[in-house]
Amino acid sequence: MQRLLFGALCAILLAACQTTSTTKDAGAPVEERNPSATGSGTATTGTSTTGITGNPTGSTGAGGNPLKDPSSPLSKRIVYFEFDSYVVKDEYKPMIEAHGRYLQSNRGARMTIQGSTDERGSREYNIALGQRRADALKKMLLLYGATEIQIETVSFGKEKPRRDGHDEASWTENRRDEIVFAGE
Amino acid sequence: MTRILCRLLLALAVLTSGAARAQLTIEIVGGGATNIPIAIVPFANEGTYPLSITQIVGNDLARSGLFKIVDAGGVNPRPARPEDVRYGDWTSRGADAVVVGSMTPLSDGRIEVRFYLLDVVKQSLLAGFTYVVTPAQVRATAHRIADVIYEKLTGSPGVFSTRIAYIAKQGSKYELFVAEADGFNPLSIVNSNEPLLSPVWSPDGTRIAYVSLENKKPVIYVQMLATGARQVVANFRGSNSAPAWAPDSSKLAVTLSKDGGSQLYLINADGSGVQRLATSAGIDTEANFAPDGRSILFTSDRGGSPQIYRLTLANGSVERMTYEGSYNVSPRHLPDGKGFIFVRRDGNRFNIALQDFATRQVQVLTQGALDESPSVAPNGKLVIYASEVGGRGILAAVSSDGRVKQRLTAAASDVREPAWGPLVK
């Protein structure tokens, strides 16, 4: 419920300030798309750059940036994991495929995947666990057409939780990968 | 460019370091079984100085849990030299040892501190030292006296003169502090708005390596304590973490993900000459050198669950060390090389434990819910670790026999990631 509200709020915010480059909120878990928030226009689905290395469309701001379009799967940036698991759940496949294809058609685009864990256990071992989560997502992106050089995987371990609580609800939100594009 | 940024950050750190009050307060929460009764007579003339030197000595000894401080009040005249001591005064009070001494101002402003440790039972002198110090060195001198007493009466070196490092988190600010072993005089050496973790002292005591997320990824730094200058040691593609010093302070074992997965590497302390230490399909991390430098303990999940393994450097052979339980991590050698401290999970609890190399016997030392990040005192007698009370991070210490427990808390701060510094030569 909270997430839905937040998602709607993000969409409204994004629609309201489509010319400024507030990309922070794009990293939120926008699980529910708001169909009314299409103010930034339709996505340019990787048209121009096949075979050409050049500026990624992601860096040219303005209206046609699919990374900032809340109706695009590219605006989804978080993948959540089960306890003690590195398996990317099926529900994320459409979103991951979209990111993989985007990297494929925008060879200049670069992303970092930041893996995280919940607060239980050794800080350093959790750095390694978060790294494994980030690597798991990268592997899928490579299958969808991204190249090795486009993706750096790093880990925050348990150091940067989304929620500070010491309960299952918080832990569920903290076991995750976050995608951040270069320049964002 | 990044170097300039680092300098700026450091300058900022120095400027703002006074802001956080992360002074630790120590509370003894469990006593030892064998207490040596000792009387400490206030030193002649010590009342003219702002710090009571004998009180600091007494606090140090009491905190170790191995001593019982016998009341020295009412003995008249107060002895200051061995020849002044009437042993009958002390046998009647049940003291096995007595400390006397004096402080004499010198013409150059310095102080001559004399102290004597006497065996009441044998009626003999155990130790006698004279120090000439500045008024600013009185605390350090008290710790040194406590070290001498501890060593003479227990047979192990004292660690009262050593320092500890720890991370304090206040709001969204992270600071790396270095303080005296009793928590006094905390000095902020790095300060960041992003997490800091895994500080480790170089065995020569001149540098601290740590991990910082200030560049939006884990990067390993080494910082000189004398100058505050710091250097990036590992900033490869991916994550760079879990630094561990080799005994000669020239190299570090680190965990890097640059070639895929989290794997162990050896790197020079200036960041040059990186070489791979081991290869596995799983996670290898949390290296810790044996005191002789010939092997490394580390955490790996190559067998399915995180367990502790030993890598022999000469031939690359790897041997599993822990078998009990499904989560054994964060190994740290005891300085005598006979065993190691680690963190084990039992159900939902994480506790500090000790395993003996020869017998493979495991002794659980703590009973908290979330005990982690152990660091062993250089005499092997105490382990400092991070724990949690009421949702707040605190530091705690336990003797390596599990009997003596202390709690170190800092007002208004989460404290974590303690690292015990080496013996002061």
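As a reminder, the structure under discussion sits directly above these lines.
Residue positions within a chain follow its written sequence, with the count starting from 1. All chains are assigned letters beginning with A, and all ligands numbers beginning with 1, in the order in which they are written. Local features in this predicted model are restricted to residues whose pLDDT is 70 or higher, and side-chain atom pairs enter the listing and the counts only when it is 80 or higher, whereas totals over whole chains, interfaces and linings include all residues. The basis for every side-chain value is the complete set of non-hydrogen atoms in the structure, without hydrogens or water.

(A) Here's a closer look at the nonpolar core. Take the buried Ala, Val, Leu, Ile, Met, Phe, Trp, Tyr and Cys residues and link them wherever side-chain atoms come within 4.5 Å; each set so joined is a nonpolar core. The classification of residues rests on relative accessible area computed with a 1.4 Å probe and restricted to protein chains. Under 20% of the type maximum is buried, over 50% is exposed, and intermediate values are partly exposed. Residues B:I38, B:L61, B:V113, B:F115, B:I145 and B:I149 are the most contacted members of the largest nonpolar core, which totals 27 residues. Those elements giving two or more residues to this core turn out to be β2 (36–40), α2 (53–63), β4 (97–105), β5 (111–119), β6 (124–133) and α4 (138–154) of chain B. With seven residues, α4(B) is the single largest residue contributor to this core. Whether two residues are in contact is decided by their heavy atoms, any of which lying within 4.5 Å being enough. Discounting chain neighbours no more than four positions away, the residues touching B:F115 are B:F43, B:V99, B:V100, B:G101, B:A127, B:G128, B:F129, B:Y131, B:I145, B:V148 and B:I149. Formed by 26 residues, the second largest nonpolar core is a distinct cluster that contains A:A98, A:L103, A:M140 and A:F181. Under the DSSP-based scheme used, a helix requires at least four consecutive residues in state H or I and a strand at least two consecutive residues in state E, with every element numbered from the N terminus.

(B) Spotlight on the interface of chain B and chain A. Taken together, the contacts link 36 residues of chain B with 26 residues of chain A. Buried area: the accessible area, evaluated with a 1.4 Å probe, that two parts lose upon being put together, summed over both parts. If you sort the residues of chain B by the area they bury against chain A, B:R237, B:I283 and B:E372 come out on top, with a joint share of 21%. Here, a salt bridge means any Lys or Arg side-chain nitrogen found within 4 Å of an Asp or Glu carboxyl oxygen. Across the chain B-chain A interface, the total number found is six salt bridges. Close ionic contact of B:E194 with A:K160 constitutes a salt bridge, the shortest N to O distance being 2.4 Å. Whenever two N or O atoms come within 3.5 Å, that pair is a polar contact, provided that in protein one can donate a hydrogen and the other can accept it, and provided that, for residues adjacent in sequence, both atoms are side-chain atoms. At the surface where chain B touches chain A, the tally comes to 18 residue pairs in polar contact (both at pLDDT 80 or more). Those elements that provide at least two residues to the side of chain B that touches chain A are β10 (196–201), β14 (240–245), β18 (284–289), β22 (328–333) and β30 (414–420) of chain B.

(C) Local environment of the sheet that holds strand β1 (residues 78–80) of chain A. All names here are of chain A. One requirement defines pairing of two strands: DSSP has to find at least two bridges between them. Taking strand neighbours across the sheet as the criterion, the four strands line up as β1-β4-β2-β3 in an open arrangement whose pairing is mixed. For this open sheet the edge positions go to β1 and β3 (151–157), each flanked by a neighbour on one side alone. Shown here is a sheet whose adjacent strand axes are inclined to one another by a mean of 20 degrees, direction ignored. The sheet strands contacting helix α2 (residues 93–105) are β1, β2 (111–116), β3 and β4 (176–181), and the helix crosses β4 at an angle near 30 degrees. Only the stretch in contact is used when fitting a helix axis, every axis being a line fitted to C-alpha atoms; angles between N-to-C directions are given from 0 to 180 degrees.

(D) The arrangement of the pairing of strand β16 (residues 263–268) of chain B in detail. Residue and element names in this part refer to chain B. The element β16 is largely enclosed, with a buried count of five among its six residues. One ladder, built from six bridges, connects strand β15 (residues 251–256) with β16; its direction is antiparallel. Note that in β16 the partner of L252 across the bridge is I267. In the sheet, β16 pairs with strand β17 (residues 275–276) via two bridges, with the strands oriented antiparallel.

(E) Region of the structure containing the packing of α2(A) against helix α3 (residues 123–143) of chain A. Residues and elements named next belong to chain A. Look at α2 against α3: their axes get within 8 Å of each other, and the N-to-C directions meet at 65 degrees. With respect to the hand of their crossing, α2 and α3 are arranged in right-handed fashion. Residues K93, I96, H99 and G100 of α2 pack against L137, M140 and L141 of α3. Taken together, the residues of the contact of α2 with α3 break down into four nonpolar, two polar and one charged. Each crossing gets its hand from how the near helix is turned against the far one by less than a right angle, where anticlockwise is left-handed and clockwise is right-handed. Classification used: nonpolar for Ala, Val, Leu, Ile, Met, Phe, Trp, Tyr, Cys and Pro, charged for Asp, Glu, Lys and Arg, polar for all others including Gly.

(F) Spotlight on the side chain of B:Q307. Residues and elements named next belong to chain B. Within the element layout of this structure, Q307 appears in strand β20 (residues 307–312). Taking relative accessible area as the criterion, Q307 reaches 1% and is therefore assigned buried. Of the polar contacts made by the side chain of Q307, one reaches the side chain of N328; its length is 2.8 Å. Apart from residues lying up to four places away in sequence, Q307 is in contact with F298, T299, S300, R320, T322, Y323, G325, S326, Y327 and N328.

(G) Molecular detail of the sheet that holds β20(B). Across the sheet, which stays open at both edges, the four strands sit in the order β18-β19-β20-β21 (chain B) with antiparallel pairing between neighbours. The open sheet is flanked by β18 and β21 (318–320) of chain B, the only strands paired with a single partner. Adjacent strand axes in the sheet meet at a mean angle of 30 degrees, parallel and antiparallel pairs treated alike. Across the sheet, α3(A) lies against β18 and β19 (295–300) of chain B, angled at about 150 degrees from β18(B), the strand it touches most.

(H) Structural view of the pattern of salt bridges. The final tally for this structure, using the stated rule, is 36 salt bridges over all chains. With a shortest N-O distance of 2.7 Å, A:R176 and A:E178 are connected by a salt bridge. Here A:R176 matches A:E178 in class, with each residue buried. Residues B:R139 and B:D182 are paired through a salt bridge, measuring 2.5 Å at the closest nitrogen-oxygen approach. You can see B:R139 sitting in helix α4 and its partner B:D182 sitting in the loop between β8 (173–180) and β9 (187–192), a full 43 residues away along the chain. A relative accessible area of 10% places B:R139 in the buried class. Members of the salt-bridge network, linked through shared partners, are A:R123, A:K158, A:E159, B:E372 and B:E417.

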